[in-house]
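# What the coordinates show
Here is how the chains run, residue by residue.
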Amino acid sequence: MAALIAGGLILSSCASVPSVHRAQASADQAMSTAQAAGTAAQHSQASADAANAAAQAAASAAQAAGAAAQRAQSTADAATNSAQAAATAAQSSNERLDRLEARMARHEVRHRRHMRRYHHRRKTTAPAAAPATPPSQ
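This part takes up the overall build of the chain. For the chain, the count of helices and strands is two helices and zero strands. Looking at the 137 residues of the chain, the share that counts as buried comes to 2%.

Now for a positive patch on the surface. A cluster of like positive charges, contributed by Arg-103, Arg-106, Arg-110, Arg-113 and Arg-116, occupies part of the molecular surface. Counting through the fold element by element, Arg-106 comes out in helix H2 (residues 17–119).

Scanning all chains against the criterion turns up one salt bridge. A salt bridge links Glu-108 to Arg-112; the shortest N-O distance between them is 2.5 Å. Taken as a pair, Glu-108 and Arg-112 lie in helix H2 at a separation of four residues, close to a single helical turn.

What counts and what doesn't
Residues numbered from 1 in each chain as written. Predicted model: local features only at pLDDT ≥ 70, side-chain atom pairs only at ≥ 80, totals over all residues. Heavy atoms only, no water. Helix = DSSP H or I, 4+ residues; strand = E, 2+ residues; numbered from the N terminus. Buried < 20%, exposed > 50% of the residue type's maximum accessible area, 1.4 Å probe, protein only. Patch = residues over 30% accessible without salt bridge, like charges linked within 9 Å, V, L, I, M, F, W, Y side chains within 5 Å. Areas by Shrake-Rupley, 256 points an atom, 1.4 Å probe, with all protein chains shown as cover. Salt bridge = Lys/Arg side-chain N within 4 Å of Asp/Glu carboxyl O. Lys, Arg positive; Asp, Glu negative; His and termini not counted. Charge placed at Lys NZ, Arg CZ, Asp CG, Glu CD.

Below you can see the structure in the form of structure tokens.
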């Protein structure tokens, strides 16, 4: 491209040879700078692509972690519900046991009262002991 510009300037007879050489040098320097900038841009694009890929991987990992956290929360909720049900059952069992113990205590009081009232005078007598050896003849 720089050669076309230089060729155009020479043909138009507007410039001298040294000015054409200066223009050519400036064009070469601009081309070199542009190529370096293109290389830097490609490197930057590659870095940006790598960063984008890393960001997408991190987003996927975050989504997986979020899903795992939701599963853990569901499991914890189920465990809490089970624990509450077990506590309710235990409380119900304790209440039934308390009622049964109270009934047994009332029954024991009534039994003792009955025994004192109706059976306190009776004495058990042991039957006469039979002779251990038959009489000798």
